[in-house]
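Fold and geometry: a report
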Amino acid sequence: MPSEVRTIEVGYLTRVEGEGAMKVVARDGVVQDVEFSIFEPPRFFEAFLRGRHHSEAPDITARICGICPVAYQMSAVHAMEHAFSVTIDGPLRDLRLLLYCGEWIESHALHIYLLHAPDFLGYESGITLAQDHPDVVARGLRLKKAGNEIVRVLGGREIHPVNVKVGGFYRLPTRPELNHLATELDRVRDDAVATVALVASFPMPDVTRTVEWVSLRQPDEYPMLGSRVASTAGLDIPVAEWNDWFVEEHVARSNALHSRIKTRGSYEVGPMARFALNADLLSPGAAAAAHDAGLTAPCTNPFRSIVVRAVETLHAVDEALRIIDRYRPPAAASIGFTERAGEGYGASEAPRGTLFHRYRLDAKGMIADAQIVPPTAQNQLSIEEDLRLVLQEHIDEPDDRLGAVLEQSIRNYDPCISCATHFLRLEVDRG
Amino acid sequence: MVEPWTVIGIGNPLRGDDGVGAVVAERVRGLPGVCRVIGDGDPFDVADLLRGPCNVVLIDATHGGGEPGAITVWEPTTSETARGRIGASSHGFGADSAIELAAALAPLPERVVVVGVEGCCFEGAELSPAVAAALDRAVAAVAGVIGDA
């Protein structure tokens, strides 16, 4: 008898950023195959960058994602600065960290409250959650707004910031602007603490999985920026050696490239990875909140990623306040450099994981070749492995319930597929 | 006296026709009665803007199977017929959803009007010819809404 393939439309507003589809094949209640595919347009941006001047890359790449433009911009400028042997440190680096804190706060708050919390609380969307619990969702929006404000002041506008350049910034913030940000951050710090307690109280599916977690790692700072990549399996390399260790492969079912660690296989980037490798570097307040929430590193339940994300939000608030407090203006908004031919590598920690950029430049500083490895593409194999585990636990449930828990599982990764479009289809083939 | 309006464009100019909202929002900057123009608005932040005192015009690409470049104007708070029409946003959360979220959190302004421009191509840095040709009509539609107030 031919297998029956039932197609269930999981929903138009899918609460993942972009478009994806799941196909599940099960026989006699045993999961045989799981495919999670995303539809990423042909690598438009890598091609679009070729022939452009290096100074255009920060603004062009910031357009790749409306949710994490700072990450794209930061990885791009760090790659260019690597190519030109420029080192950004002191207050200029602090300002970049501050900008990054803003993006973490806005992105994490958005995902926690409007995209992921509804899964745990049994709501179909952030809208229906807001209808029943407006005060809870309003707290998330307050947090997000504080993050937006940092990005607006440091980045020049709330989204697709335009103030970052190779060598530093176009314009430095004034002390009154920074004091304004500190006031806003002080106002939402209690919201960030309350967020950790809230999500730690959510009912959690009982799933345990370990994977090779990968993130930037440095001895003295929870990673947003950094020059070394580490993993829980002992990897510790400079960003410039990325392509010696990681490989992107075409998979027929997806337009996105799938990443693997050579000779080993899947790995995971993002909050779970950062926490696994850097929990000792959280702000004291975030570390205390993690402790109170019962989190220890590594966290092996992928559904608790929402708790890790909340802890990181509090860390970003604390870190932003610390940077503003110690900030003394640098002599200039940017430092000079000489363009030259060469190759540059940069990585930073986007809210959803390590984002790697590589550029080859000619003697006039024009981009000859660009490589962008986004976190969601890196996590695709790991997402599939999670889905396999979760599926086997829930395979006997009706398709609608199954679809809901699978979506919840995918959202553990906060996948940003807006680098694609938006629609999630689930096919369950039970034979 | 002309009533103040906030005009918000939703979309990403590097995603083909998705960027039409931002382009139109930029073009209506300076129209009498426009108190604020935000191109390329994040739909989640739109919900926050809808809590202000101004009436709002949202401009977004639509992806409803209509003729590319077709303009549709509707008020989601008073009409259910347009639900689901919006769908081209790369954020997966279009104007209707932003309005619904805002309504759950606080009273909406007196009028919230959506001007939709039907898109057909959502890749690349350019608007499709059909949508580019519709820009003047989209601007006129926004001006019409504001002028009708």
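Residues numbered from 1 in each chain as written. Chains lettered and ligands numbered in written order. Predicted model: local features only at pLDDT ≥ 70, side-chain atom pairs only at ≥ 80, totals over all residues. Heavy atoms only, no water.

1. Some thoughts on the sheet that holds strand β7 (residues 214-216) of chain A
All names here are of chain A. Ordered in space as β7-β8-β9, the 3 strands form an open sheet in which the pairing is antiparallel. Each edge of the open sheet carries a strand with a single partner, namely β7 and β9 (236-238). Strand-to-strand twist across the sheet, computed as the mean angle between neighbouring axes with direction ignored, equals 25 degrees. Relative to β9, strand β8 (residues 228-231) runs antiparallel, the two sharing 3 bridges. By the bridge assignment for β9, V229 is matched with I237. The strands that helix α9 (residues 271-278) touches are β7 and β8; relative to β7, the one it contacts most, it runs at about 70 degrees. (Pairing = 2+ DSSP bridges. Helix = DSSP H or I, 4+ residues; strand = E, 2+ residues; numbered from the N terminus. Axes fitted to C-alpha atoms, helices over the stretch in contact; angles between N-to-C directions. Contact = heavy atoms within 4.5 Å.)

2. Observations concerning the confidence of the model for chain B
Taken residue by residue, chain B gives an average pLDDT of 79. The fraction at 70 or more is 80%. What the predictor reports for the complex is a pTM of 0.88 with an ipTM of 0.76. (pLDDT = per-residue confidence, 0-100.)

3. Here's the deal with the confidence of the model for chain A
The predicted coordinates of low-pLDDT regions are not to be read in fine detail. Residue and element names in this part refer to chain A. Model confidence for chain A is summarised by a mean pLDDT of 87, while 89% of its residues fall at 70 or above. Confidence over residues 1-18 falls short of pLDDT 50; this stretch has 66 contacts with residues more than four positions distant or in other chains. Low pLDDT, under 50, characterises residues 418-424; the stretch is placed with 43 contacts to residues that sit more than four places away or in other chains.

4. Quick notes on the packing of aromatic side chains
Residue and element names in this part refer to chain A. For the structure on display, the rule yields 7 aromatic pairs over all chains. Seen in terms of ring centroids, W242 and F356 are 4.8 Å apart; in terms of plane orientation they differ by 5 degrees. Their pairing is stacked. Here the residue W242 occupies a position in helix α8 (residues 242-245), and F356 occupies one in strand β13 (residues 353-361), the gap between them amounting to 114 residues. Grouping residues by exposure puts W242 and F356 together as buried. Of the aromatic side chains, those joined through ring pairs into one cluster are W242, F246, Y267, Y345 and F356. (Phe/Tyr/Trp six-rings, centres within 6.5 Å; stacked < 30°, edge-to-face > 60°. Buried < 20%, exposed > 50% of the residue type's maximum accessible area, 1.4 Å probe, protein only.)

5. Observations concerning the packing of helix α3 (residues 69-83) of chain A against helix α4 (residues 90-121) of chain A
Residues and elements named next belong to chain A. Contact geometry of α3 with α4 gives a least axis separation of 9 Å together with a crossing angle of 150 degrees. Compared by their axis directions, α3 and α4 come out roughly antiparallel. The way α3 lies across α4 gives a crossing that is left-handed. Along the contact surface, α3 presents P69, V70, A71, M74, V77, H78 and E81, while α4 presents R96, L99, Y100 and E103. Its residues assigned to classes, the contact of α3 with α4 comprises 7 nonpolar, 1 polar and 3 charged. (Parallel < 35°, antiparallel > 145°, perpendicular 65-115°, else oblique. Left-handed = near helix turned anticlockwise from the far one by under 90°. Nonpolar A, V, L, I, M, F, W, Y, C, P; charged D, E, K, R; others polar.)

6. As for the sheet that holds strand β12 (residues 342-350) of chain A
All names here are of chain A. The sheet built from 3 strands is open, its strands ordered β12-β13-β14 with antiparallel pairing. A strand with exactly one partner marks an edge of an open sheet, and here the two such strands are β12 and β14 (367-373). On average, each strand axis in the sheet is tilted by 15 degrees relative to the strand beside it, whichever way the strands run. Bridge count between β12 and β13: 9 bridges; the pairing is antiparallel. Residue pairing across strands places G342 opposite L361, the latter belonging to β13. The strands that helix α12 (residues 375-394) touches are β12, β13 and β14; relative to β13, the one it contacts most, it runs at about 130 degrees.

7. Quick look at the nonpolar core
Core analysis: the biggest nonpolar cluster contains 134 residues, and L98, Y100, L154 and Y359 of chain A together with L58 of chain B have the highest contact counts within it. Considering each element in turn, this core owes the most residues, 17 residues, to α4 of chain A. W5, F122, L135 and V142 of chain B belong to the second-largest nonpolar core, a separate cluster that totals 24 residues. (Core = buried A, V, L, I, M, F, W, Y, C linked by side-chain atoms within 4.5 Å.)

8. Describing the pattern of salt bridges
Residue and element names in this part refer to chain A. Counting across every chain of the model gives 30 salt bridges over all chains. With a closest N to O distance of 2.6 Å, R326 and D94 form a salt bridge. One end of the pair, R326, is in helix α11 (residues 305-326); the other, D94, is in helix α4, with 232 residues separating them in the sequence. Given a relative accessible area of 37%, R326 falls into the partly exposed group. Of the charged contacts, one joins R411 and D119 as a salt bridge, the two residues approaching to 2.8 Å between their closest N and O atoms. Pair noted here: R411 is in helix α13 (residues 399-411) and D119 is in helix α4, with a separation of 292 residues, a long-range link. Classification of R411 by relative accessible area gives buried; the value is 0%. Residues joined in a network through salt bridges with shared partners are D119, E407 and R411. (Salt bridge = Lys/Arg side-chain N within 4 Å of Asp/Glu carboxyl O.)

9. Notes on the side chain of S283 of chain A
Among the secondary structure elements, S283 of chain A is positioned in the loop between α9 and α10 (284-292). Setting aside anything within four residues of it in sequence, one finds S283 of chain A in contact with H315 and D318 of chain A.

10. Focus on the environment of Q218 of chain A
Residues and elements named next belong to chain A. Relative to the elements of secondary structure, Q218 occurs in the loop between β7 and β8. Classification of Q218 by relative accessible area gives buried; the value is 12%. It is 22 Å that separates the C-alpha atoms of Q218 and S305, two residues lying 87 residues apart in sequence. If sequence neighbours within four positions are ignored, Q218 has contacts with R93, P223, L225, G226 and L281. Within the structure, Q218 has its side chain in polar contact with the backbone oxygen of L225 (distance 2.7 Å). (Polar contact = N/O pair within 3.5 Å; in protein donor to acceptor, adjacent residues only side chain to side chain.)

11. Things to note about α11 of chain A
With 22 residues, α11 of chain A should reach 32 Å at 1.5 Å per residue; the first-to-last C-alpha distance of 31 Å fits that figure. The buried fraction of α11 of chain A amounts to 19 of the 22 residues, a majority that puts the element mostly inside the structure. (Expected span 1.5 Å × (residues − 1).)

12. Concerning unusual backbone geometry
Residue and element names in this part refer to chain A. Of note, the amide linkage connecting A297 to P298 takes the cis form, showing an omega dihedral of -5 degrees. Mapped onto the elements, P298 comes out in the loop between α10 and α11. Even without glycine at this site, D28 takes up a positive phi of about 55 degrees. If you trace the backbone, D28 turns up in the loop between β3 (20-27) and β4 (30-38). The backbone of S85 shows a phi angle near 55 degrees, a positive value even though the residue is not glycine. If you trace the backbone, S85 turns up in the loop between α3 and α4. By relative accessible area, which is 52% here, S85 ends up exposed.

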